[in-house]
Amino acid sequence: MLCASGAVARSYNCADPSSRPEGKWSLDANISQQVVADIASRGLGAPRHFKYRMCGSMENGQLIVLIGAFEIIDGAPACDSEEDFAVFYDPRNRMFGEVIPGVNLCVPAAPARAQ
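Summarised in this report is the structure supplied together with it. The shown structure was predicted, so the numbers you read here are calculated from the model rather than taken from an experiment. (Residues numbered from 1 in each chain as written. Predicted model: local features only at pLDDT ≥ 70, side-chain atom pairs only at ≥ 80, totals over all residues. Heavy atoms only, no water.)

### Re the state of the cysteines
Part 1 of the argument: Under the definition given, this model contains 2 disulfides.
Part 2 of the argument: Note on cysteine connectivity: Cys14 is disulfide-linked to Cys55, with sulfurs 2.1 Å apart. On the sign convention where negative is left-handed, the bridge of Cys14 and Cys55, at about -85 degrees about the S-S bond, is left-handed. In this pair, Cys14 is assigned in the segment before β1 (24–25) and Cys55 in strand β2 (residues 50–59), connecting sequence segments 41 residues apart. For the pair shown, Cys14 and Cys55 are each scored as buried.
Part 3 of the argument: The residue that forms a disulfide with Cys79 is Cys106, at a sulfur-sulfur distance of 1.9 Å. Every disulfide takes its handedness from the sign of the S-S torsion; for Cys79 and Cys106 that torsion is 75 degrees, giving right-handed. Of the two residues, Cys79 sits in the loop between β4 (76–78) and β5 (85–90) while Cys106 sits in the segment after β7 (100–101), which places them 27 residues apart along the sequence.
Part 4 of the argument: Taking relative accessible area as the criterion, Cys79 reaches 24% and is therefore assigned partly exposed.
Part 5 of the argument: Looking at the protein, its bonded cysteines, counted consecutively from the start of the sequence, adopt the pairing 1-2, 3-4. (Disulfide = S-S within 2.5 Å. Helix = DSSP H or I, 4+ residues; strand = E, 2+ residues; numbered from the N terminus. Buried < 20%, exposed > 50% of the residue type's maximum accessible area, 1.4 Å probe, protein only.)

### Comments concerning unusual backbone geometry
Part 1 of the argument: Even without a glycine there, the phi angle at Asp74 is positive, about 50 degrees.
Part 2 of the argument: Its location among the elements puts Asp74 in the loop between β3 (62–73) and β4.
Part 3 of the argument: Residues other than glycine seldom take positive phi values, yet Arg94 does so here, at roughly 55 degrees.
Part 4 of the argument: On the accessibility criterion, Arg94 (35% relative accessible area) is partly exposed.

Here it is as structure tokens:
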């Protein structure tokens, strides 16, 4: 969890349900391909060094894409690397927000069940 501009701590990890507090939407193939093309054209992390996880999120009432970037270490994505980062992407304007560094992208543990 990270704090963004003094806001309440939140997750920037698509695998964490708290990553999309205002809701979610499904990415289709066209949007996913657009995001990948824009990542490549803007040099947002060299593709051979990062693997990406994307999900649709609502932020301030707008549809955006949350992108988590996993560093590739020894041929595999590392969900807890200090180099991992997240970034928001506006699919309408094809613009990226500021990079959020040091994001833990591991799948959160399931809450323990009450017995």
